[in-house]
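What the coordinates show
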Amino acid sequence: QVYLVESGGALVQAGGSLRLSCAASGTIFSIKTMGWYRQAPGKQRELVAGITRGGSTNYADSVKGRFTISSDSAGNWVYLQLNSLKPEDTAVYYCSADDWSGTDYWGQGTQVTVSS
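Structure report, in brief. (Residues numbered from 1 in each chain as written. Predicted model: local features only at pLDDT ≥ 70, side-chain atom pairs only at ≥ 80, totals over all residues. Heavy atoms only, no water.)

**Here we look at the pattern of salt bridges**
Here the idea is simple: oppositely charged side chains can pair when their charged atoms come close. Tallied over the full model, the rule gives four salt bridges. Its salt-bridge partner being E46, residue R38 comes within 2.8 Å of it at the nearest N-O pair. The partly exposed category is assigned to E46, whose relative accessible area is 35%. Among the ionic pairs, K64 bridges to D61, the shortest N-O distance being 3.1 Å. Several salt bridges share partner residues, and in doing so they unite R38, E46, R66 and D89 into one network. (Salt bridge = Lys/Arg side-chain N within 4 Å of Asp/Glu carboxyl O. Buried < 20%, exposed > 50% of the residue type's maximum accessible area, 1.4 Å probe, protein only.)

Here it is as structure tokens:
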């Protein structure tokens, strides 16, 4: 079992920056990939960024060049640096993890609100 807790969400003005953090605990050895998703009101949850244990990353087209995902060497933490924020980035951001058995884990979410 993997447990994920996000933090760092806040209210910021357009053009500002935030850094989100996700703490992972439990059977961390079983994690294959980690990532960040977001869900805006009335919309589907979407993948923002993902990272593998080998360090490979991928990003949604809407955040490429603005957001950066990273993790520590032990896999206990994953981060998302959000730069040049836009109002359309407003959403609840969720940390996620996939283990080798195919099980998906989710954090409780952290609110990011970007004002015009």
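**Considerations on the layout of surface pockets**
Reported here for the largest pocket is a volume of approximately 170 Å³. Together, 14 residues line the largest pocket, and T52, R53, S71, D72 and G75 are the ones closest to its centre. For the lining of the largest pocket, the secondary structure elements donating two or more residues are β4 (31-39) and β5 (46-52). Sorting elements by how many residues they give to the lining of the largest pocket places β4 first, with four residues. Taken together, the residues of the lining of the largest pocket sort by class into five nonpolar, six polar and three charged. (1 Å grid on protein atoms, 1.4 Å probe; cavity = no way out; pocket = protein on both sides within 12 Å on 5 of 7 lines; lining within 4 Å. Points joined across faces, edges and corners; volume = space filled by probe spheres on them. Helix = DSSP H or I, 4+ residues; strand = E, 2+ residues; numbered from the N terminus. Nonpolar A, V, L, I, M, F, W, Y, C, P; charged D, E, K, R; others polar.)

**Focus on the environment of S70**
Structurally, S70 is set in strand β7 (residues 67-71). With a relative accessible area of 30%, S70 lands in the partly exposed category. Residues contacting S70, with those up to four places away along its chain left out, are I51, W77, V78 and Y79. (Contact = heavy atoms within 4.5 Å.)

**Regarding the nonpolar core**
By size, the foremost hydrophobic cluster in this structure holds 30 residues, and its most contacted members are L4, M34, W36, L80 and Y93. Mapped by element, the contributors of at least two residues to this core are β1 (2-7), β3 (18-26), β4, β5, β7, β8 (77-82), β9 (91-99) and β11 (110-115). (Core = buried A, V, L, I, M, F, W, Y, C linked by side-chain atoms within 4.5 Å.)

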